[in-house]
Every structure is written in structure tokens, then in C-alpha cells.
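Architecture at a glance
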Amino acid sequence: MKKISLISYAIIAILVFSVYGFVIHGEKQTGHEPSQSIKNKGSDTMVNLAQAWAEAYSGISDTASVEVSGGGSGTGVAALINGTVDIANCSRQIKPKEMQQAFENTGKEPIEFIVGYDALAVYVHKDNPLDKITIPQLAEIYGEEGKLKKWDQLGIANAGCQSDKIIRISRQSNSGTYFYFREALLGKDRDFEIGSLDLHGSKDVVEVIGRTLCAIGYSGMGYATDHVKMLEVATSSDMPYYAPNLENVIAKTYPIARPLYMYSLGEPTGEVKAYLDWIFSAEGQKIVEELGFVPLTSN
Amino acid sequence: MNSNTDISAQTMFTETDIGRQNRFIENIVKIFFLIMTCLMILPLLLIIGYLFYKALPVLSFDFLFTNPIDNMRAGGLWAPFLGTIYLVVVSLLVAAPIGVFSAVYLNEYARDNWFTRIVNLAVVNLAGVPSIVHALFGVGAFVLFAGLGESILAASLTLAIMTLPVIIASTTEALKAVPMSFREACWNLGATRWQTIRRIVLPNSISGILTGVILQVSRAAGETAPIMFTGAVFYKAIAEGNPFAYNIFEQCMALSLHLYTISTQVPDVAEGIPYGTAIVLVGSVLLVNAAAIVLRVYLRTRKRW
Amino acid sequence: MKLLHTLFSINGRINRAGWWLLNTPIFLVFTISLITFDFPATEFLEQIQLLILLILACVHIVISAKRWHDKDKSAWWVLFHVIPLIVTVCVIAAKVSSEWWILIHLIAVFNGLWTCFELGIIKGTEGDNPYGPDSETSSESIIDVYISISGISSIIFVFGIFFFVFKEGAGFLFSGLDIWEFLTSEEWYPTSLNNKRYGTFALLLGTFSVTALAMLIAVPFGLGAAIFVSEFCSPKLKETFKIVIEFLAAIPSVVWGFIGLTLMNQLIIQVFNAPIGLTMLNGGIMLALMSVPIIVSIAEDALKAVPDSYREAAEALGATRWQVIYRVLLPAAKNGLLAAVLLGAARSIGETMAVLMATGHSVNIPNSPLSWIRTLTATIAAELGEVARGGEHYQVLFIIGILLFTITFVVNLIADLVIKGIRQS
């Protein structure tokens, strides 16, 4: 018994002191580690895109690996203000106040990059006879004290939907998608009516609509599946309707489209710069298109 | 109370006579309760069967040892699986000594007074705190206050505190099962309190302690809410096959969160993959539990008293 | 007093185990602090860290001095390993040019190994020596300290949880939040641009209704199973059932949520012809399955605690099994059964992932089991990720955390008192 415990003590001693040695060794080498971790955080809309980039980039660069987390545009900006991320993903533009906070906190100005465009499509079940909708109609469906509650008010008979009620599918109230859709529909001074299903993922929205005849919802254009249909949208009833597709977004005729931003703290350098440059390359932009977003037109 | 029951029972039960009818009722009752029990157990089998059936096309050795690829729509589970192992191991390293010592304190050191009652109450309440509140605590204490940031360490510490009661409960149980006479015999030989614990109490209760530790592992592996905001990420590229690919001061993927994200946020995931992830998660948790049970049964057969 | 003497007085002796017991954590703390040197921490924390490191260094020196005493040597021997250590630290701090690194590295490792060998492995003198009595059991006071600290750690953690959750939410709780409106208004508009409203009534109602539904399903089955397991089973069958129940308890909540999202969703759509399967019923069934194991195990304990003499007396009077259960066991064990139900309910209230994924997550006053709802826990889980730290919305989520903590604390307390009640009677 005694012998065994002595040996285990000796092993612990060697372990402890080799750690000690390594620490000192590590101190010496701080600054030029072989592999650098680029922290990338923010918008849930962009998280799949960011993940795809990170995955593709891991096959290209041996010197950097990209850590991606979602959580939403707000989280990304908050992390940028705290200086804990290298790149913040944002599906909205950073506010001047946040810009200032970041500068005060870290001494660096956030630099903005537009990395692609996203169109929010309005989805219904594929068997729903509705094909087109206007922004004011959507506002009445989603807005507080809105008047459109039933499918026949939209002039269609939605067979297979008992009680004819429109089931509103929305996103949790602080996602960038929610903010953008609310602003596109209602401007800044009206809220959405509570009682919608506030799902926690862009995919979730489409999946639920795909199973529900009476539902309407919004989500990124890239999330479409075979079970749902994207509506054509017009800014008002006397304007032309546009389908959410690449041409219409690039031509800026589709009304619910927005740029996707990435922010870095200060002018990016080193690995972060290399990563951003790669994102803007043809290869990076191809991934944007593959995921159902709209690539930058300049390429 | 005793005499009361007896009197009322007497007036009640003399009305029925013992006969075939009674046995019939008894059987009916028995079957009724059996059905209730089975209805409760059935879902377990159904669910595991269903998950397994749906996951069958993707399950393979490679599924566990390759990274998620193609925007997490295909590939395997290596990164999240390794992340879960990291989280579990680090939380175990923290929770196991504290939990075991805590139980030793409660069972061997503490006297039966108000303070001990409060400690016991604290253990019960710690077990009852909702997992999402543990997450809030983890964010407030480890991520922000201690400055660990979102990292494996912060997430593991949160998990450790959350799962501490599991270890305390089974260790206390195990310590209680050691007969008092063992300790008394040891004390009579002039051994100190710690010597008694070290040489008599702990060796005799090691099975219960290990069971607690194993259950802690299974609990920690399955939790999602506490790690969501303290250290688990949506995606992180790591080297396949390298078990040291994570750094505990950085974030990691985790099986439970991976299941959540691929089932709600990633579009066009191959059908079997979420089911495969679920079955790997359930499978590893149940396997670990089964290990605890086997250990318990095995050690009980060679119990010396 | 004894503790202070152990840690800060160089008088007396300590054995090898004591040296390791104190030094291993000290080494670990130093290692971790060195690694996390550049961590984004506050200035206040940095000062605390420095203070702790200084105290630990003192303890290290004191304990090493005692070890020399144990070997019947003067405490001055300590200087032989402390001085190189201090020099090393100074050199690191002064950031001397890189040619010296190898040498310093070597000195540090050699010094450490030698110290470990000399103080940690070589035994002290047997029996008494001029510095004190035999050191055979001198490490026990240190072990006692560790055990006592671990023992009260649960209290520290419970208070810590309350403190930190409260700390994050306190600012808004005391200035600005209308508590009455918070509890009674159903208007949950945390992100409205011009009229933010934080009413959690619908969320509270969601939590309680789904819990009630879950209990409605789980209690009959749970108690039925507990009665079956405790009264009708052979020991072997009992063991099997208990294992299955343990398995049921082990399934992670995110898997239940996933089942709710996929399998149960479709089932409800088909069976009830409902437009959407993500409903209170869905969440209720998931929660019922999750809380049944707790109910069974605690209820079974309560039934086991009823003395066999009760059963024998009743059976001797000619009662059938059903009568024994209904007239004798259930009344006798009613406190334990109540506690079982309460703990099951507490589990359901606190559950997060399953209800987040299965109930539809809609701020809605439920009017039937097929209406979709949102719970307190799911709201935190869905929204915490995207709020700006320190903002009102962020603080409100922590206040919901306080609310949840309080609710579960009270339910657990009641359950505990109910169980204690049985023990006393």
C-alpha cells in the first residue's frame, strides 16, 4: 500500500512540474502559436452560412480554425463591444450607439463588410391556394390589432383548414429576422400581435409550415423545402408582385431583402484578414449562393 | 393512529368474506396496475425502437468518428461527441471530489443539528433548481464574473454544480449502508476518524460512490440548457481522430446542442442524421447507466455483510 | 485557530501527505493563473487573484518549513528551494532576453522535481523530535478542512446561484420594472421599439398549465406503477422495473424535445386532426414521461416505509389486496405520495428543452390542451442568446430566472417538509 502511494505521488509530481515547465515554455512562445482560432459569432440567419464558410476554410488554411456560434445579431454585436470576438455576424446594420460603445470599450472602430444578401420569403404550405400577397396584407395579419384573421379574408378558400384561422408562425422576438420582418411590414411604431408561434430557428419555421395547411410564416429564402411554397410579394396591391429569387433581389425589386454584414474590430489583420478576403473571393461567394442566399453582384 | 386504523379496519373488513370473488378482484387489481406500469415503460421501448429504426441508414462506425460535413447536413458526430466527452470529464473532475467529500461530511462529520438540516435542504434544492437557472448562474458567475468567457471550463463548472447532488445522494446512500459496527470496531482499535473513513468506510462503499459518479456522467452528457450559453457552439472545425483537439479555454460542440441545432436550425439535413444523433446521445447515456447498474449488481453479490 | 496554525505558522511538523494535500491545489491554482494570464477579467478580479496567489505562496512556504521540521532540520532549509523559485518568477516577470529561457526552464523544472522529492517523498523522522510530536496523523487536520468545505459547498452554491442570478437582474428589478404588471399582464413585448412591455402572465400560465397537464397524466401512472412495483412484484421483477425506470429517467431532455418535435407532433396532427402538433398536450406528454420516474421512485419509497404490520393486520382481518391498498397503504403513505407529486411537478416546471421544442412556443392564454403555449424556462432559453448584455430585456430574463428559482425552491421546500413530517410521526 505504502509503495503504491509513493509511486503515485511521484507521478503526480512529475505531471505537475512538467505542466509548470510547459507553462513557462508557453509563455515564451505567446504571440506566434501554430494555429489561431478566429472567433465568429452572431446572427442566427447567417449561422449556417458562417458555418459553411468555416467548414470550407478549414480545408484551405492550416493556420487558422474558425469557431462559429449563433445566438443572434445582438449577441454578435454585444461580443464585438466586449472585444471577445474577431468577427461579428449581423443581419442588420450596427447602430451608431453600438459603434460608439465598441470604440469606447476597445479603442477600435468596428469595420463593416457586406458579405451577401438575404431575402425573407413568405411561406405557406404547398397545398395552400394562395400565390401572392402584399405588404399591407401581411401587416394586417401580423400586426397588433390586425384585421386579417381568416383565410377567406384573403379571398381564398383554404380547404383542409378547419376554422379557417390563419396560424401565424414567427420567430423569437429578438432575432434579427424578426426585427427586420417587423420593420419591413410595420415600420418602427407598431408591434406584432402576440399569440404567434415564435419558433427558435429558421428551419423550424419552414418545417412547421410544411406540416400545417393553415399556417403562414417567414424565413430566409434559402430554407425552402418541397413541402412549402414561397409567395410573390408586392409593396401594395397596385404594384407588381415579385418572387423571391436571385434576379429580383439583385435588381432590388423584391421588397423584403436585406444585406448581410460582418463586422471586425478595427481594420482586420493577419488571419482574420485572410479569412475575410477568402469570403469575398469567388469561392467564398459560391457558398453564399449554395446556401440559398444572394451573392454580391460585383463578382 | 395505529389503534384507530385497527378499529376502523375491523368494522370495514368484516363485511367482505374471503372467497373466489376476492381473488378475482385481486387479480383484476394486479393486472390493472401491471398495465399502468407497462404503459409507462412502453414509451421507452417504442421511442428507442423508433429512433433506432429511423437512424439505421446512417449508423456506422464512421458516423461517430467523422466530422459533420456539407454544412452539417451530412457526415458524422466526431466534433460534438468529443466536445461532450470534454465537458463530462472536466465536470466530473470537479464534481466527483466535492460530491464525495460533501457526502462524507454529511454522513461522518456532521452532527444531527439545525445546520446539518440546512445543508441537507441545500442539497435537495440544488437538485431542484431548473437547468435553465443553472445556465443563468453559469453566465453570471463563470462567464462574466470569473472572466472565463464562454468556454469548456465555464460550461463544465456549470454542469458540475448542477450534477453535484447526484453524486452526493448516491454517496450518502452508500455510506449509510456501511454498518455502524464497522466504524465502532475501528475506533476501538484507536484509529482516528479519517483513518476509519479511509480504510473502512470508503472501501466498503466504493460501489455506491462509483454508481453516483457514473450517474453524474450520464446526467452531464445529456444536458443542453446549461451549456447553451456557457460554452457550447453551433460549429467548430476540429481535427478528426485527435482526442486533444479542444482547448478547455475555448468553446466546443456538444452532442445535445448539436441535436437541437440540426433539428431546428440547419436546413436539408439528411433524414437519418438527427435520429442518428439522438440515438448516439441516448445510447451513450443509457450505456453509461447500464454500466452503473451492472456495477451495482455485481458488487452487491460480493457484499461482505 | 487550529486551521490558522496549520496554514500560517511554521511551528510544528507535517507529514508528506499533508504537504501534498496542500500543495497540489496550490500548484494547480498557480498553473491555471499562469495559463489564464491574459484573460479578459476586471481589474478588481486581477487584484483579488494577486492577493490569493500571495497567500497561497505563504502557505506553500510555511508548509514546506514544517516538512523540514518533520525531517528534524531547521526551517531555514526552505530558502534552498524558495530562492530559486523567486528568482525564476522575477526573471519571468522582468521578461529577460530569450537566450536565458532554456536555463530558467531547466532551473525551474529541476528545482521543482528536487522539492517534490525532498519534501514530498522522503519520510520524516519516526517518533517525536525537537520540533514536535510524531507527525503520523498530522495531515488529518488538512483533510478535515477539505471535507468541511465540501460539506457546506451545497449551501454556498445555492446562495451563489441566487446571488448571481439576482445580481444580473437586480438593477431593473428595483428600478423600472412594474412587478404587478410583470406578474399579471399577458403582454410580452420585450423588443418593441417604442412600447416595451414585460408581462409574464401568459408565460406563467403556460408553465403551470403544461405542468398541470403533465401531472394529470403522470400521477395516475406514476402512483399505479409505484403500487405495482411495491405491492405486487416479486423481488426480481421489481429490480427489472426499477432499472427500466432509471433508464426512462436518464433520457436527456433534448431527446424528449426531439421526439415531441417529430414523432409526437405527427401523432397529434393525425389523432386529433389538429393544425399543428406542437401543443400543450405534446409538451404535457413529454413532461409526464420525464417526471414519472421521480414520482415512481419517491412514491415507492413512501409505500415501502409503511410498516408491514399494517398490511398484515389488514390482511388478517380479511381485506383484499385492493382494500389494503386503498384503505390502509394510501392513507398511511399519503405524505410521501404528496411529496412525490410535488417533486414531479417541480421537475416539470423547471424543464426547458422539451417544452421549448414541443409546445409551440407562443405567448398565448391556453384554452384547450391543443392550444400552443410558451413557458418561463423556454422563454429564457430562446431569448437569452440574443439579448445585449446588461440591457433591460437581459435583466428581465434574469428576473424570470429568480421567479423560477423561487417557485421551485418553495415547491421543493414544501416537499421536504412533507417528507420530514413523515419521519417525525
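Residues numbered from 1 in each chain as written. Chains lettered and ligands numbered in written order. Predicted model: local features only at pLDDT ≥ 70, side-chain atom pairs only at ≥ 80, totals over all residues.

So, the overall build of chain A
- Across its full length, chain A holds ten helices and eleven strands.
- When burial is assessed residue by residue, chain A has 49% of its 299 residues classed as buried.
- Pairs at least 24 apart in sequence give 72% of the contacts found in chain A among residues at least 6 apart. (Helix = DSSP H or I, 4+ residues; strand = E, 2+ residues; numbered from the N terminus. Buried ≥ 20, exposed ≤ 12 C-beta atoms within 10 Å, placed from the backbone. Contact = placed C-beta atoms within 7 Å.)

A few points about the overall build of chain C
- Helix and strand content of chain C: 17 helices and two strands.
- Relative to its length of 425 residues, chain C is extended, with a C-alpha radius of gyration of 31 Å against a globular reference of 22 Å.
- By sequence separation, contacts in chain C at least 24 residues apart represent 75% of the contacts at least 6 residues apart. (Rg over C-alpha atoms; globule rule 2.2 N^0.38 Å.)

A short note on the interface of chain B and chain A
- Contacts between chain B and chain A engage 15 residues on the former and 24 residues on the latter.
- Partitioning the side of chain B that touches chain A into residue classes produces eight nonpolar, five polar and two charged.
- Two elements, strand 2 (residues 64-71) of chain A and strand 3 (residues 235-236) of chain B, share two bridges in a ladder whose sense is antiparallel. The residue of strand 3 of chain B that forms the bridge with Glu67 of chain A is Lys236 of chain B. (Nonpolar A, V, L, I, M, F, W, Y, C, P; charged D, E, K, R; others polar. Pairing = 2+ DSSP bridges.)

Observations concerning the packing of helix 4 (residues 78-109) of chain B against helix 6 (residues 140-174) of chain C
- Remark: helix 4 of chain B packs on helix 6 of chain C, axes separated minimally by 7 Å, with the N-to-C direction vectors making an angle of 95 degrees. In terms of axis orientation, helix 4 of chain B runs roughly perpendicular to helix 6 of chain C. On helix 6 of chain C, the residues that touch Ile98, Phe101, Ser102, Val104, Tyr105, Leu106 and Tyr109 of chain B of helix 4 of chain B are Tyr146, Ile147, Ser148, Ser150, Gly151, Ser153 and Ser154 of chain C.
- Its residues assigned to classes, the contact of helix 4 of chain B with helix 6 of chain C comprises eight nonpolar, six polar and no charged. (Axes fitted to C-alpha atoms, helices over the stretch in contact; angles between N-to-C directions. Parallel < 35°, antiparallel > 145°, perpendicular 65-115°, else oblique.)

Here's the deal with the interface of chain B and chain C
- Taken residue by residue, the interface counts 77 residues in chain B and 80 residues in chain C.
- The leading source of residues in the side of chain B that touches chain C is helix 2 (residues 20-55) of chain B, at 16 residues.
- Residue composition of the side of chain B that touches chain C, grouped by class: 53 nonpolar, 20 polar and four charged.

Some points on helix 5 (residues 114-128) of chain B
- The end-to-end C-alpha distance of helix 5 of chain B, which contains 15 residues, comes to 21 Å, matching closely the 21 Å that a straight helix rising 1.5 Å per residue would cover.
- Those residues of helix 5 of chain B not exposed but buried are Val119, Ala122, Val123, Val124, Asn125, Leu126 and Gly128 of chain B. (Expected span 1.5 Å × (residues − 1).)

Overview of the nonpolar core
- Of all hydrophobic cores here, the largest spans 293 residues; its most connected members are Ala119 of chain A, Leu87 of chain B together with Met286, Ile295 and Ala299 of chain C.
- When residues in this core are grouped by element, the largest group, 18 residues, is from helix 4 of chain B.
- Non-local contacts of Met286 of chain C, meaning those with residues more than four positions away in its chain, are made with Trp256, Ile259, Gly260, Met264, Ala354 and Ala358 of chain C. (Core = buried A, V, L, I, M, F, W, Y, C linked by C-beta atoms within 7 Å.)

Let's talk about unusual backbone geometry
- Despite not being glycine, Glu145 of chain A has its phi angle at roughly 55 degrees, a positive value.
- For Glu145 of chain A, the position within the fold is in the loop between helix 5 (135-142) and strand 6 (167-171).
- When the 8 C-beta atoms within 10 Å are taken as the criterion, Glu145 of chain A is described as exposed.
- A positive phi is found at His361 of chain C, a non-glycine position, where the angle reads about 55 degrees.

Overview of the environment of Gly12 of chain C
Residue and element names in this part refer to chain C.
- With respect to the secondary-structure elements, Gly12 resides in the loop between helix 1 (2-8) and helix 2 (16-35).
- Once the C-alpha coordinates of Gly12 and Val244 are considered, the two residues, 232 residues apart in sequence, prove to be 56 Å apart.
- What Gly12 contacts, discounting residues up to four positions off in sequence, is Lys66, His69, Tyr131 and Gly132.

Considerations on the packing of helix 6 (residues 131-145) of chain B against helix 6 of chain C
- Close contact between helix 6 of chain B and helix 6 of chain C brings their axes to 8 Å; oriented N to C, the two are set at 75 degrees. Comparing the axis directions of helix 6 of chain B and helix 6 of chain C gives the class roughly perpendicular. Contact residues: helix 6 of chain B offers Val133, Leu136, Phe137, Gly140, Ala141 and Phe145 of chain B, while helix 6 of chain C offers Gly160, Ile161, Phe164, Val165, Lys167 and Glu168 of chain C.
- For the contact of helix 6 of chain B with helix 6 of chain C, the class distribution of residues is eight nonpolar, two polar and two charged.

Focus on the confidence of the model for chain C
- On average, residues of chain C score 84 in pLDDT, and 92% of them are at 70 or above.
- Prediction confidence for the complex, expressed as pTM and ipTM, is 0.84 and 0.87 respectively. (pLDDT = per-residue confidence, 0-100.)

As for the pairing of strand 2 of chain A
Residue and element names in this part refer to chain A.
- Most of strand 2 sits out of view: eight of its eight residues are buried.
- The two faces of strand 2 match: Ala64, Val66, Val68 and Gly70 on one face and Ser65, Glu67, Ser69 and Gly71 on the other face are all buried.
- Bridging between strand 1 (residues 36-42) and strand 2 involves seven bridges; their strand directions are parallel. Paired with Lys41 across the bridge in strand 2 is Ser69.
- Between the parallel elements strand 1 and strand 2, the chain passes through helix 2 (residues 47-58) in a crossover that is right-handed. (Right-handed = clockwise from strand over helix to strand, strands pointing away.)

Brief notes about the pairing of strand 6 of chain A
Residue and element names in this part refer to chain A.
- With respect to burial, strand 6 is a largely interior element, five of its five residues being buried.
- Residues Ile167, Ile169 and Arg171 point to one face of strand 6 and Arg168 and Ser170 to the other, with burial holding for every one of them.
- As paired elements, strand 6 and strand 8 (residues 215-220) share three bridges and run parallel to each other. Bridged to Ile167 within strand 8 is Ala215.
- Pairing between strand 6 and strand 7 (residues 197-199): three bridges, direction parallel. From the neighbouring strand, Ile169 faces strand 7, where its bridge partner is Leu197.
- For the crossover from strand 6 across helix 6 (residues 176-186) to strand 7, the handedness is right-handed.

A look at the confidence of the model for chain A
All names here are of chain A.
- Within chain A, residue pLDDT values average 80, and 86% of them lie at 70 or more.
- Within chain A, the element-level pLDDT minimum falls on helix 1 (residues 2-29), averaging 50, and the maximum on strand 9 (residues 228-230), averaging 91.
- Within the model, the stretch residues 21-34 combines pLDDT values under 50 with 13 contacts to residues more than four positions away or in other chains.

Things to note about the environment of Phe164 of chain C
- When you line up the elements, Phe164 of chain C lands in helix 6.
- Phe164 of chain C sits in the buried class, given 21 other C-beta atoms within 10 Å.
- Taking the C-alpha atoms as reference points, Phe164 of chain C and Leu79 of chain C, 85 residues apart in sequence, are found 43 Å from one another.
- Not counting residues up to four positions away in its chain, the partners in contact with Phe164 of chain C are Phe137, Gly140, Ala141 and Phe145 of chain B.

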